[in-house]
Amino acid sequence: MPRPAFTRSLLAPRHWPAWMGVAAIWLIAQLPPRALAWLGRRLGALVSRMPSARRQIAQANIALCFPALDAAARAALVDANLRDIGMMLVEFALGWMGRDQRIADVPTRIEGLEHLEAARAQGRGVLLVGGHFSHLELCARLVSQRIRIAGMYRRMDSTVFEWVVLRARLHYASAMFDKDDIRGTVKYLRSGGTLWYAPDQDMRSKDSVFVPFFGVPAATITATHHLARLSGATVVPFFHRRLPDGQGYALRLGAPLEAFPGADVLADTARINACIEQMVREAPEQYLWVHKRFKTRPAGEPAIY
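Procedures and definitions
What you see as residue numbers is a count from 1 along each chain, following the sequence as written. Only residues with pLDDT of 70 or above have their local features reported here, since the model is predicted, and side-chain atom pairs are shown and tallied only from 80 upward, although totals for entire chains, interfaces and linings are computed over all residues. Side-chain descriptors were evaluated using all non-hydrogen atoms of the structure, hydrogens and water having been removed beforehand. Basic side-chain nitrogens of Lys or Arg form a salt bridge, by our definition, when they fall within 4 Å of a carboxyl oxygen of Asp or Glu. Helix and strand assignments come from DSSP, with helices taken as H or I runs of at least 4 residues and strands as E runs of at least 2, each series counted from the N terminus. Relative accessible area decides the class of each residue, using a 1.4 Å probe on protein chains only: under 20% of the type maximum gives buried, over 50% gives exposed, and in between gives partly exposed. UniProt positions are given in the numbering used here, feature names are shortened, and annotations may be inferred rather than shown by experiment. Here a cavity means grid points, on a 1 Å grid over the protein atoms only, where a 1.4 Å probe fits yet cannot get out; a pocket means an open set of points with protein on both sides within 12 Å along at least five of seven lines; lining residues are those with an atom within 4 Å of a point. Grid points are joined across faces, edges and corners, and a volume is the space filled by probe spheres set on the points. All amino acids are sorted into three groups, where Ala, Val, Leu, Ile, Met, Phe, Trp, Tyr, Cys and Pro are nonpolar, Asp, Glu, Lys and Arg are charged, and the leftover types, Gly among them, are polar. Side-chain rings of Phe, Tyr and Trp (the six-membered ring for Trp) are treated as a pair once their centres are within 6.5 Å; stacked means planes under 30 degrees apart, edge-to-face means over 60, and tilted covers the remaining angles. Between the first and last residue of a helix there are one fewer steps than residues, each counted as 1.5 Å, and that sum is the expected span. Contacts were defined at the residue level, with two residues in contact if any of their heavy atoms lie within 4.5 Å.

S.K.: Outline the pattern of salt bridges, listing residues and values.
M.R.: Evaluated as defined, the whole model comprises 11 salt bridges. In this structure, the salt-bridge partner of Glu 137 is Arg 169, at a minimum N-O distance of 2.8 Å. Of the two residues, Glu 137 sits in helix 7 (residues 136-143) while Arg 169 sits in helix 8 (residues 159-172), which places them 32 residues apart along the sequence. The partner of Arg 252 in a salt bridge is Glu 282, with the nearest N and O atoms 2.8 Å apart. Pair noted here: Arg 252 is in strand 9 (residues 249-253) and Glu 282 is in helix 11 (residues 265-282), with a separation of 30 residues, a long-range link. What makes Glu 282 partly exposed here is its relative accessible area of 37%. Here the salt bridges share partners, and the residues they tie into one network are Asp 84, Glu 91 and Arg 242.

Take a look at the structure:
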């Protein structure tokens with residue numbers, strides 16, 4: 001897939017603030033590892049101390065999903081999650097604009113590549129299904145050092161950031177598909193490609209169904225079922241987490257989901273949510289709790305946010 005072409009319209013004065021933001025992100029990505037980690041911790045401390053709507057969203061989500069935790073434990077998890085946002089900001093910068101050698105130097109453990117190799121030996125595409133963890137952008141680039149992947153994404157509102165980020169992603173990804181480009185995605189998977197995909201956000205789509213996520217009905221898109229059905233791809237859970245004390249990242253490809261897709265789209269979608277829930281339980285502070293996961297409610301249910 002060719003990178004998007006630059007147009008002179010991107011230099012219009014209305015885009016100058018966006019270019020200043022891009023420059024700041026580029027500068028962050030050039031920092032040495034210790035400085036980057038220090039900045040992430042400082043930004044996280046700042047985020048955790050500021051009252052914001054995102055804190056309230058995280059509090060609501062964590063209270064819903066971890067009812068067994070007492071008030072002190074829930075508050076500690078909320079604070080840890082907000083501090084993690086600081087690391088997310090610097091990890092996005094590194095994932096988008098870090099030099100190749102810098103990415104190669106990031107300590108990385110990858111488990112389960114044999115599942116991918118087995119699917120490829122059968123001539124099948126692979127759908128890597130994961131969740132929205134704070135380091136997803138960086139870990140996509142880390143795993144791309146070992147395997148060629150494509151991704152699905154939602155277009156950015158800023159024309160400048162759309163151009164910059166799409167070019168950055170296409171530096172390491174074989175293709176990037178708009179979330180609505182089902183035909184192109186299926187064609188890629190049928191050709192034996194590997195696609196990274198995270199279906200765990202409330203997209204308010206007509207193709208969503210309510211299935212449990214931590215025991216709470218959550219509007220969840222059914223695309224995993226349909227992509228697997230239309231392409232014949234193997235569905236492989238893909239989990240990644242940041243290790244403590246600067247030890248790097250652990251990436252794990254799980255065993256392929258057996259008998260997937262089945263005949264019941266609700267059951268298949270619930271299986272995907274269960275996989276992501278299991279991932280979240282392994283590193284709950286690194287999950288994107290500030291997203292309104294339960295924004296859409298079943299008929300008659302009260303609003304959560």
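Next comes the rest of the account.
S.K.: Any chance you could break down the UniProt feature "short sequence motif: HXXXXD motif" (unreviewed entry) in the chain for me, citing the residues and the numbers?
M.R.: Those places that UniProt annotates as "short sequence motif: HXXXXD motif" (unreviewed entry) correspond, in this numbering, to residues 132-137. Note that residues 132-137 is 33% helix and 0% strand, and that its end C-alpha atoms are spaced 9 Å apart.

S.K.: Explain the layout of surface pockets residue by residue, including any values.
M.R.: To find the voids left in a structure, one rolls a probe of water-molecule size over its atoms. Approximately 1,500 Å³ is the volume attributed to the largest pocket. Taken together, 47 residues make up the lining of the largest pocket; nearest its centre are His 132, Tyr 153, Arg 154, Gln 201 and Met 203. Only helix 4 (71-97), helix 7, strand 3 (150-153), helix 8, strand 5 (194-197) and helix 10 (223-231) provide two or more residues apiece to the lining of the largest pocket. Here the lining of the largest pocket is composed, by residue class, of 28 nonpolar, eight polar and 11 charged. The computed volume of the second largest pocket comes to approximately 780 Å³. Along the wall of the second largest pocket there are 33 residues; nearest its centre are Ala 37, Met 87, Arg 242, Gly 246 and Tyr 249. If you list the elements that add at least two residues to the lining of the second largest pocket, you get helix 2 (33-49), helix 4 and strand 8 (234-242). Looking at the lining of the second largest pocket element by element, the count peaks at eight residues for helix 2.

S.K.: Describe the packing of aromatic side chains, naming the residues involved and giving the relevant values.
M.R.: This model, assessed by the stated rule, comprises 13 aromatic pairs. When the centroid spacing of 5.0 Å and the interplanar angle of 90° are considered together, the rings of Phe 213 and Phe 214 count as edge-to-face. The burial state of Phe 213 is the same as that of Phe 214; both residues are buried. With a centroid separation of 6.4 Å and an interplanar angle of 40°, the aromatic rings of Phe 213 and Phe 294 are classed as tilted. Residue Phe 213 is found in strand 6 (residues 208-213), and its partner Phe 294 is found in the segment after helix 11; the two are separated by 81 residues along the sequence. Residue class for Phe 294 comes out buried when judged on its relative accessible area of 0%.

S.K.: Requested: an account of helix 2, with residues and values cited.
M.R.: Counted at 1.5 Å a residue, the expected span for helix 2 with its 17 residues is 24 Å, and the 25 Å between its end C-alpha atoms agrees. Where helix 2 is concerned, the buried positions are Leu 36, Leu 39, Gly 40, Gly 44, Ala 45 and Ser 48. Tucked into the core, helix 2 has its buried residues touching helix 1 (16-29), helix 3 (53-65), helix 4 and helix 5 (100-104).

S.K.: Explain the environment of Gly 44 residue by residue, including any values.
M.R.: When you line up the elements, Gly 44 lands in helix 2. On a C-alpha basis, the gap between Gly 44 and Ala 80 in space is 8.8 Å, while along the polypeptide they are 36 residues apart. Among residues more than four places away in sequence, those in contact with Gly 44 are Leu 82, Arg 83 and Gly 86.

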